[in-house]
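Observations on chain architecture
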Amino acid sequence: MAHFELDASGLLCPMPVIRTQDRVEELDSGDTLEVVCSDPGALNDVSAWCRINGHKLIDARQEDEQVIIKLQVLR
Amino acid sequence: MTRQIKAVSLISGGLDSLLATRVVMGQGVHVEGINFFTGFCVEGHTHAIRKKDRAKPKRNNALWVAEQLGIKLHIIDVIEEYKDVLINPKHGYGANMNPCHDCKTFMVSKALEWIEKNDFDFIITGEVVGQRPMSQRKDTMPVIARESGAGERLLRPLCAQHLPETLPEQKGWVKREQLHDFHGRSRKPQMALAKEYGFEDYAQPAGGCCFLTDANYSKKLVDLWDARGNREYEMDDIMLLKVGRHIRPAQNFKLIIAREEGEVNFMQGYRNRFISMKTTSHSGPLVLVDGQPSEQDLQLAARITARYSKGKEASEVELEVCRPVEDAVQMKVKPLPVSEMPEAWFV
Ligand code: SF4
């Protein structure tokens, strides 16, 4: 189990979702990933992606101009 | 134990793909969704850019549909590969720059690659015979199936009864009599079926699923290609066509003028790649200059920029011109009167 980070700032949706998805693909079950985005839409979209694909959404929050999502990969 | 039959469904985020998927799920097939991002998709972007749209609840409809259905969704970035579809469509364009026929064929062929790689059995789309003039005619549907290579592995559950039997029907994976016979432009059968399944609040895109069906957007894209003398484009180009007022005084340059705060914020991110202008003596919008302007062209661009500032009536307006990685230069110009801006400049 390891922790990873992904910087998806500067990207507009659905690119942050695509980047998250592609990164998660490379990770193992149990690994955690923190994604930082600047598109406010990512708060909904990355969270929704996480739920429908069966990963655990640990935290999703907006801080100033940043959206930060933390998830755990589950397979 | 019999093997679970699996299908992948092309999810656009609209009602048709939602229903088509649901119909097949109802027959015991395991379905996952696939969504292709071409760069032109209506989802997201403008909402994120324009401040006035930010207040509206924003969601990615494809993800929303997948969540309603309780299926996985795979979003695939096809920006690069899609260029060839848009630049050289074998079957031409629709009313605007939308190459729907080739686009559908391309997406089904990508879905075919995906099912082969992931060991799925067939592909679902929400197409309805006769719904759209170009890509959903009865005679073009078999062409899409054939040209994509999917052939009998492509099932359109909403109008299957009008089409030849497909593999999933022949094999008994789905029952043909439980598929539908929708046709034409009426949305009533879809709405009735949505009600039956209890779906509410679904998206109903008017023109289509992407910006290429939009007349204004298409005009700007064609202008960009004409001005450059080729049809290449980058993601930045297509993003910038979605924002601002575009004014082209000459083939070698155009101005992109922010219309509101959200666009200003978005365009700020491009100042390291474009010449940018902003009035300093009066408040005014951020302007990006695209192309290869001469010094004289920049004078004209500055006068146009001044025209869109609060100092449009002033005898002189000061502004700041920034070139990427250079120090800002100050300029003083007389705003260009509207009477000297020909209609043809407005893209
Ligand atoms: S509207 Fe756009 S995305 Fe939809 S089929 Fe036509 S070209 Fe493709």
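Values in this document were obtained by computation on a predicted structure and should not be read as measured data.

Along its length, chain B carries 13 helices and 11 strands. When the backbone C-alpha atoms are referred to their principal axes, chain B occupies close to 80 × 40 × 35 Å. Scored against the burial criterion, the 347 residues of chain B give a buried share of 54%. For chain B, the share of sequence-separated contacts (at least 6 apart) that also reach a separation of at least 24 residues comes to 66%. Taken together, the 48 basic and 46 acidic charged side chains of chain B have centroids lying 4 Å from each other.

What tends to happen in soluble globular proteins is that the nonpolar side chains get buried as a cluster. Residue and element names in this part refer to chain B. Formed by 57 residues in total, the largest nonpolar core has its most connected members in Val24, Val29, Leu63, Leu73, Phe122 and Leu158. When neighbours within four sequence positions are excluded, Val24 is seen to be in contact with Val29, Val31, Phe122, Ile124, Leu155, Pro157 and Val174. One finds Leu10, Leu86, Ile87 and Ala150 within the second-largest nonpolar core, a separate group that totals 34 residues.

All right, on to the pairing of strand β4 (residues 66-72) of chain A then. All names here are of chain A. Most of β4 is tucked away, with five of its seven residues classed as buried. Bridge count between strand β2 (residues 32-37) and β4: six bridges; the pairing is antiparallel. Bridge pairing in β4 places Leu33 opposite Leu71. Bridge count between strand β3 (residues 56-63) and β4: seven bridges; the pairing is antiparallel. Of the residues in β4, the one forming a bridge with Glu63 is Gln66. Counting the residues in the hairpin turn of β3 and β4 gives two residues, including Asp64, whose phi is positive at 50°.

Attention now moves to helix α6 (residues 100-118) of chain B. All names here are of chain B. Between the first and last C-alpha of α6 there are 26 Å, a value that for 19 residues agrees with the 27 Å anticipated at 1.5 Å per step. Buried within α6 are the following residues: His101, Asp102, Cys103, Thr105, Phe106, Met107, Val108, Lys110, Ala111, Leu112, Trp114 and Ile115. Looking one or two residues beyond α6, the residue adopting positive phi is Asp119, at roughly 60°.

Our focus in this paragraph is the confidence of the model for chain B. Scored by pLDDT, chain B has a mean of 92; 93% of the residues are at 70 or more. The ipTM value of the predicted complex is 0.94, and its pTM value is 0.91.

Centre distance and the angle of the planes are the two values used to describe a pair of aromatic rings. Residues and elements named next belong to chain B. Tallied over the entire structure, the rule returns 10 aromatic pairs over all chains. When the ring of Phe40 is compared with that of Tyr217, the centres are 6.1 Å apart and the planes differ by 85°; the resulting orientation is edge-to-face. Of this pair, Phe40 sits in the loop between β2 (30-37) and α2 (45-49) while Tyr217 is found in helix α10 (residues 215-228), placing the two residues 177 residues apart along the sequence. Residue classification places Phe40 among the buried residues on the basis of a relative accessible area of 0%. Aromatic pair Phe122 and Trp173: ring centres 6.0 Å apart, planes at 20°, arrangement stacked. With Phe122 in strand β4 (residues 122-124) and Trp173 in the loop between α8 (167-170) and α9 (188-197), the pair connects residues that are 51 residues apart, well separated along the chain. Ring pairs connect the aromatic residues Phe40, Tyr82, Phe106, Phe211, Tyr217 and Tyr233, which therefore count as one cluster.

Regions of empty space are outlined by a rolling probe, equal in size to a water molecule, passed over the atoms. All names here are of chain B. This model, assessed by the stated rule, comprises one cavity of 30 Å³ or more. Forming the walls of the largest cavity are Leu224, Arg228, Asp237, Leu240, Leu241, His246, Lys254, Ile256, Phe274 and Asp290. Broken down by secondary-structure element, the contributors of at least two residues to the lining of the largest cavity are α10, α11 (235-240) and β7 (253-257). Of the residues contributing to the lining of the largest cavity, the split by class is five nonpolar, one polar and four charged.

On to the site of the ligand, then. All residues adjacent to the ligand are Tyr82(B), Pro99(B), Cys100(B), Cys103(B), Cys209(B), Cys210(B) and Thr213(B). Grouping the constituent residues of the shell around the ligand by class yields six nonpolar, one polar and no charged.

By a widespread convention, an interface's size corresponds to the accessible area lost as its parts come together. Taken together, the contact pairs 23 residues of chain B with 17 residues of chain A. Interface of chain B and chain A: buried area, both sides summed, is about 1,600 Å²; carbon and sulfur atoms make up 62% of it. Linking chain B to chain A there are one salt bridge. Applying the counting rule to chain B against chain A returns three residue pairs in polar contact (both at pLDDT 80 or more). Going through the elements one at a time, α2, α4 (61-69) and β3 (73-77) of chain B are the ones with two or more residues in the side of chain B that touches chain A. Considering every element that reaches the side of chain B that touches chain A, the biggest residue donor is β3(B), with five residues. Residues belonging to the side of chain B that touches chain A are distributed by class as follows: 12 nonpolar, four polar and seven charged.

Residue and element names in this part refer to chain B. Here we have six strands laid out as an open sheet, ordered β6-β7-β9-β8-β10-β11, and antiparallel in their pairing. Unpaired on one side and paired on the other, β6 (245-250) and β11 (329-333) mark the two borders of the sheet. Taken over all neighbouring pairs, the strand axes of this sheet differ in orientation by 25° on average, direction set aside. Pairing of β7 with strand β9 (residues 287-291), which is carried by five bridges, proceeds in the antiparallel orientation. Opposite Phe253, over in β9, you have Gly291 as the bridge partner.

Each value, and the rule that gives it
Residues numbered from 1 in each chain as written. Chains lettered and ligands numbered in written order. Predicted model: local features only at pLDDT ≥ 70, side-chain atom pairs only at ≥ 80, totals over all residues. Heavy atoms only, no water. Helix = DSSP H or I, 4+ residues; strand = E, 2+ residues; numbered from the N terminus. Buried < 20%, exposed > 50% of the residue type's maximum accessible area, 1.4 Å probe, protein only. Contact = heavy atoms within 4.5 Å. Lys, Arg positive; Asp, Glu negative; His and termini not counted. Charge placed at Lys NZ, Arg CZ, Asp CG, Glu CD. Core = buried A, V, L, I, M, F, W, Y, C linked by side-chain atoms within 4.5 Å. Pairing = 2+ DSSP bridges. Expected span 1.5 Å × (residues − 1). pLDDT = per-residue confidence, 0-100. Phe/Tyr/Trp six-rings, centres within 6.5 Å; stacked < 30°, edge-to-face > 60°. 1 Å grid on protein atoms, 1.4 Å probe; cavity = no way out; pocket = protein on both sides within 12 Å on 5 of 7 lines; lining within 4 Å. Points joined across faces, edges and corners; volume = space filled by probe spheres on them. Nonpolar A, V, L, I, M, F, W, Y, C, P; charged D, E, K, R; others polar. Near = heavy atom within 4 Å. Buried area = accessible area lost by both parts, 1.4 Å probe. Salt bridge = Lys/Arg side-chain N within 4 Å of Asp/Glu carboxyl O. Polar contact = N/O pair within 3.5 Å; in protein donor to acceptor, adjacent residues only side chain to side chain. Axes fitted to C-alpha atoms, helices over the stretch in contact; angles between N-to-C directions.

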